[in-house]
Amino acid sequence: MKFLYQFSARDSFIHRLDPRSKLFFILCFLVASFLIPYPWIMPLIVIALIWGLGGISPREYLPFLLFLLPLMFAITLIHLLTDGPPYLQVQGVGLPLSAPGLENGLVVAFRLASMGIAFILFSMTTDPFDWGMAMYQSGLNYKVAFMFAFALRFFPLLQEELVIIRNALTARAYHAIGSKNPFTFLQGVAISIMPLGLGALRRSQDIALAMELRGFNYAEAMGVQRTVFRDIRLRRWDWAVMAVSVGFLLGVVALAISRGTFPAIATSWLIFLGLLAVLLAVVAWFISRAIKG
Amino acid sequence: MRSAASVPIVRVEGLEFVYPPPREIRALNGVNLQIGAGEVVALVGQNGSGKTSLARCLSGYLRPTRGRVSVAGQDISRLPPSRRARVVGYVFQNPDHQLFRESVWDEVAFGLQNLRRPWDQIEREVEAALRRLELWDKRDLHPFQLSKGDRQRLAIAAILVLSPQVLIVDEPTTGQDPRKAREIMDLLAALNRDQGTTIVAITHVMELVAEYCERMIVLHQGQVLVDGPPRAVFRQVDLLATSAISPPPVCRLALRLGLEPFPLTVAEARDALLARMPR
Amino acid sequence: MTDVVFELEHVSFRYQRATAPTLEDVSLSIRRGEFVGIIGPTGSGKTTLLYLLAGVIPHYLHGDLTGEVRFAGQPTRALSLAQLSAHVGVVLQDPEAQLFNLLVRDELAWGLENRGLPRAEIAGRIERTLRFFGIERLRERITYDLSGGEKQRVAVGAIHAISPEIYLFDNPTSQLDPVGATTVIEAVRRLVDTHRLTIVMVEDKVDELVQHADRLLLLDRGRVVLDCPPREFCLQRDALEAAGVRPPQIAELSYALLEAGLVLDSPPITLEEATPLFEDLLARRSAARSGAQAGPGEAAG
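All figures in this text were calculated on a predicted structure; none of them were measured in a lab.

Draft legend 1. Molecular detail of the overall build of chain C. Per the secondary structure count, chain C includes twelve helices and ten strands. Summarising its shape, the C-alpha atoms of chain C cover approximately 75 × 45 × 35 Å along the three principal directions. Out of the 301 residues in chain C, the part that is buried amounts to 56%. Across chain C, every contact between residues at least 6 apart in sequence was considered, and the portion connecting residues at least 24 apart equals 63%. Of the roughly 11,700 Å² that chain C leaves accessible, carbon and sulfur atoms contribute 48%. Of the side-chain charges in chain C, 31 are positive and 42 negative, and the distance between the mean point of each set is 3 Å.

Draft legend 2. Summary view of the interface of chain B and chain A. Taken together, the contact between chain B and chain A spans 25 residues of the former and 18 residues of the latter. A buried area of about 2,100 Å², summed over both sides, lies between chain B and chain A, and 65% of it is on carbon and sulfur atoms. When residues of chain B are sorted by the area they lose upon contact with chain A, B:His97, B:Phe100 and B:Phe144 head the list and together hold 32% of the total. Here chain B is connected to chain A by two salt bridges. Between B:Glu107 and A:Arg172 there is a salt bridge; the shortest N-O distance is 3.0 Å. Where chain B packs against chain A, one counts seven residue pairs in polar contact (both at pLDDT 80 or more). For the side of chain B that touches chain A, the elements supplying multiple residues, two or more each, are α2 (81-87), α3 (104-114) and α5 (148-160) of chain B.

Draft legend 3. Structural detail: the interface of chain C and chain A. Contacts between chain C and chain A engage 38 residues on the former and 37 residues on the latter. Summed over both sides, the interface of chain C with chain A buries roughly 3,400 Å², with 63% coming from carbon and sulfur. Of all residues in chain C, C:Phe100, C:Arg119 and C:Tyr144 give up the largest surface area on contact with chain A, accounting jointly for 20% of the area buried on that side. Taken together, the connections running from chain C to chain A amount to two salt bridges. Its salt-bridge partner being A:Arg230, residue C:Asp106 comes within 2.9 Å of it at the nearest N-O pair. Secondary structure elements with two or more residues in the side of chain C that touches chain A: α3 (81-85), α4 (104-114), α5 (119-133) and α6 (148-162) of chain C. Counting residues per element, the side of chain C that touches chain A draws most heavily on α4(C), which supplies seven residues.

Draft legend 4. Here's a closer look at the pairing of strand β6 (residues 88-91) of chain B. Residue and element names in this part refer to chain B. Because side chains alternate across β6, one face comprises the buried residues Val88 and Tyr90, and the other comprises Gly89 and Val91, equally buried. Note that β6 and strand β7 (residues 166-170) share four bridges and pair parallel. Within β7, the position partnered with glycine 89 by the bridge is leucine 167.

Draft legend 5. Just the environment of C:Ser27, in detail. All names here are of chain C. Following the sequence through the fold, serine 27 ends up in strand β2 (residues 23-31). Residue classification places serine 27 among the partly exposed positions, given a relative accessible area of 39%. Between the C-alpha atom of serine 27 and that of valine 91, which follows or precedes it by 64 residues, the distance is 23 Å. If near-sequence neighbours (up to four positions away) are discounted, serine 27 is found in contact with Leu8, Glu9 and His10.

The rules behind the values
- Residues numbered from 1 in each chain as written.
- Chains lettered and ligands numbered in written order.
- Predicted model: local features only at pLDDT ≥ 70, side-chain atom pairs only at ≥ 80, totals over all residues.
- Heavy atoms only, no water.
- Helix = DSSP H or I, 4+ residues; strand = E, 2+ residues; numbered from the N terminus.
- Buried < 20%, exposed > 50% of the residue type's maximum accessible area, 1.4 Å probe, protein only.
- Contact = heavy atoms within 4.5 Å.
- Areas by Shrake-Rupley, 256 points an atom, 1.4 Å probe, with all protein chains shown as cover.
- Lys, Arg positive; Asp, Glu negative; His and termini not counted.
- Charge placed at Lys NZ, Arg CZ, Asp CG, Glu CD.
- Buried area = accessible area lost by both parts, 1.4 Å probe.
- Salt bridge = Lys/Arg side-chain N within 4 Å of Asp/Glu carboxyl O.
- Polar contact = N/O pair within 3.5 Å; in protein donor to acceptor, adjacent residues only side chain to side chain.
- Pairing = 2+ DSSP bridges.

Laid out in structure tokens, this is it:
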């Protein structure tokens, strides 16, 4: 069950886009999702986009969608219980369930769902190395970009190893695998991590040697500029997608303002997100400088 | 070696197994076989032949899509882990996936602790298992400090200590040098001799099959291609070739020269050759 | 310039945290175009020897190194790993640990990207390598979905794309099933047929090495105990037994026959040699019996 990340190496419109334009689209989409009055449309839009333009049907990431449902339920429940009056009335009996809470909860839940699905759109249609190398071309330090892509590439293998480890635990009559008790389940997770981690550590030493022998440090040692073999550049369609994204966002903003539903709270969200983005960019810059130097 | 008329301890009837989506591969397509208690069986086949899937079904990790696997009279896939571990032991190919504790001693004790055995029994049995596998002196070391060969032994010890009736070992000799590979096979043979443990070894080293196994089951495309003693199976060179399996060199030589009785080892081949050349 | 590619002079090496040396007083030289096989039990120092040739020791792994290791006349101490890697390619034991890109074509390109070669050149080399090994159909495949044999062939291909003159192999088939191992051995055979490549291979499958190597080294507890052509190597019974190494099964059969008093001028060490020789021997024996001509101990071969 590879629902957290799965790159499907296919050819579709979305697959052919540069990772940067896809990221841009997702960013605009996420910001817009705070302003759309009917957020339950959002997940459907994303699913339709992935299906139509990406050739990936929802059945392929069904486990992920199912994973989202309890999360969405929990969020709605929290708002239902904690938001203020007016309370719901059922047949004249007042329940301690907030009426606006139901609405707020659902709105937030669907926003979350659309964010998650948008992430899937990205991860299933983007070769992690295209992603990494696109960032390298945009200035990120090579080794950081490479390690990032490399980690994503190894994720499915770790998942496979985890299955074997769980079977091995069962072979030792270990009870916690598949337990319904969350505490025991967590124990099972903890004990699986050790062989997974140590195995990964051991293999990473072999990998590091293989990389060194094939010239991972050659460019620095010999003062040569690395080539990027893959053809990553922003093409017409990428600019088109980015333009449409901006247009979509502006349209949503205009709509919200004209309908008077541009709430003050959204402004503070935007400021918060903006600050977050700046912070992340600064941190990434610092890390890449540290590695370069 | 035990007599041919021994009680079957493993019964496989109409076994089919299809992996769930997205893989959806039909790994096993109708397997029927029985393994007698105390047999030493080699399970052989190319990657993709279904041998690993069969082994996993025998150990109960995979539930058959159709058909039934019973070990010691019980439907093995329906047993809870604690009961299952006492009937079938499974040693995986990579020891690194099977090491969970901070010391060799704890690792071997782990299974018995899960079965909630009394402390004095645990101490006794762990010592016995460690001594048998020559790991007693290393009992305080962290498993990852051991060499690959020792880690493999540790993985075997940790399963042995549970005294399973059937022991399935997945490629015990991959990545080992020939001498260490033979030591492991000697160990399994001794186990079979001394405790009557039924051994199922997944392997692709035909020389070891010839030397240690009284029976070999060859899988091909999810079905049993041939099943019998190596002395009979290794004669069928062409049939084996369809599954890219090659008998050991002395067997192939014997077939080309028409040597009888059909040899499985160097000593037998020498005797057969010399018998054709009286002085 | 010089025909000698590698030279080791009284080399001893002990890893940093080890108490005993892994290699002791090893001296040998390897000439251009040779195929040298290295055989020995676990812990005999085979991989360490390979690491010395590749420059992994002393540049990447550290320890106590005495004596001199030279590549093309220059001490490896004085050359950097980057410089050496342009001439010496290394294929390791575990295929999983040598593929870190997602697609096969990217894996083949990776080593060349690191060297800053122009795109067109990289593209050309990728095609050349795929064609050389007959693995064009693997070009767009995801590396972790390949079989063991395919993975290892891609690893060899990734080195081939860099085109070093020397290939070092560390147990390239030990983690593979027989089919996979055969495909990798076939790939190596293709390399061997290419003009003037020097190959050093550590292998446990003595049967295979015997067929391809010009020369076999036996390592036992850190020392080079034997250094001779395959035929001679296989018949050095005592040295092999002391090291715990078994020669090919047919060679063992030859020993057993020699011990039993049969005279063989040229004891066979492979099945291909043994078949005609023994067929002939048996035919002669039965002819002799019916013709009452031969006496005991008649020479064969």
